[in-house]
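Okay, here's what each chain looks like letter by letter:
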Amino acid sequence: MTQAAFFVLTALADQPRHGYGILREVEELSEGAVQMRVGTLYGVLDRLTADALIVLDREEVQQGRLRRYYRLTDEGTAALDAEAERLAAGASAAKKRIAEGRRTPGSAPGTTGTPATGHGLAGGLA
């Protein structure tokens, strides 16, 4: 699941929202890290609708403009829950590794405890 799809589903978890409301909610939920353009949003909405994770809840005309409100389906709620669990497990594993790296015997303060062999990620031995 993409980051944009994750935040769109999260924005819809508590109530149906229209496009602009989703954009604002995604920006707030991500603390500004995800700022989607309208075209990107509607591409994500189309994909999530095709995957039956969201549905059109209703349409309203406000100030002469049509607003489409979307809501999560049961499948969407399950997918969001599974992705949140996956992300939490990944974050937990990363934090555990970071903490273990700080406690590795013989490592200098501020290092990960990995010997400086010259065989790092960018050109090391595989």
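Quick caveat, the model's predicted, so the values are computed rather than measured.

**What about the overall build of the chain?**
- When helices and strands are counted, the chain shows four helices and three strands.
- Moving toward the C terminus, one meets the helices and strands of the chain in the order α-β-α-α-β-β-α.
- In the chain, buried positions account for 26% of the 126 residues.
- Long-range pairs, those at least 24 residues apart, make up 40% of the contacts in the chain between residues at least 6 apart in sequence.
- Counting only carbon and sulfur atoms, one obtains 52% of the accessible surface of the chain, whose full area is about 8900 Å².

**Here's the deal with the packing of aromatic side chains**
- What the rule picks out here adds up to one aromatic pair.
- Between the aromatic rings of Phe6 and Phe7, the centroid separation amounts to 5.4 Å while the plane-to-plane angle is 80°, which identifies the pairing as edge-to-face. For the pair Phe6 and Phe7, one class covers both residues: buried.
- Here Arg58 stacks its cationic end above the ring of Tyr69, 3.9 Å away from the centre of that ring.

**Considering the pattern of salt bridges**
- With the rule as written, the count across this model stands at eight salt bridges.
- One salt bridge connects Arg17 with Asp14, and the closest N-O pair in it is separated by 2.7 Å.
- Arg17 gets classed as buried once you look at its relative accessible area, which sits at 11%.
- Several salt bridges converge on common partners, so that one network encompasses Asp57, Arg58, Glu60 and Arg71.

**Let's talk about helix H3 (residues 38-50)**
- Spanning 13 residues, H3 covers 18 Å between terminal C-alpha atoms, matching the ideal 18 Å at 1.5 Å per step.
- When we look at burial in H3, the residues that qualify are Leu41, Val44, Leu45 and Leu48. Along the long axis of H3, the arc covered by the buried residues comes to 100°, so they all point the same way. The exposed set on the far side of H3, more than 90 degrees from its buried face, consists of Gly39, Asp46 and Ala50.
- The elements touched by buried residues of H3 are helix H1 (3-11), helix H2 (19-29), strand S2 (54-62) and strand S3 (65-72).

**Considerations on the sheet that holds strand S1 (residues 17-18)**
- Spatially, the three strands line up as an open sheet ordered S1-S3-S2, and their pairing is antiparallel. Edge positions in the sheet fall to S1 and S2, since each of these pairs with one other strand and no more.

What counts and how
- Residues numbered from 1 in each chain as written.
- Predicted model: local features only at pLDDT ≥ 70, side-chain atom pairs only at ≥ 80, totals over all residues.
- Heavy atoms only, no water.
- Helix = DSSP H or I, 4+ residues; strand = E, 2+ residues; numbered from the N terminus.
- Buried < 20%, exposed > 50% of the residue type's maximum accessible area, 1.4 Å probe, protein only.
- Contact = heavy atoms within 4.5 Å.
- Areas by Shrake-Rupley, 256 points an atom, 1.4 Å probe, with all protein chains shown as cover.
- Phe/Tyr/Trp six-rings, centres within 6.5 Å; stacked < 30°, edge-to-face > 60°.
- Lys NZ or Arg CZ within 6 Å of the ring centre and 35° of its normal.
- Salt bridge = Lys/Arg side-chain N within 4 Å of Asp/Glu carboxyl O.
- Expected span 1.5 Å × (residues − 1).
- Arc of directions from axis to C-beta.
- Pairing = 2+ DSSP bridges.

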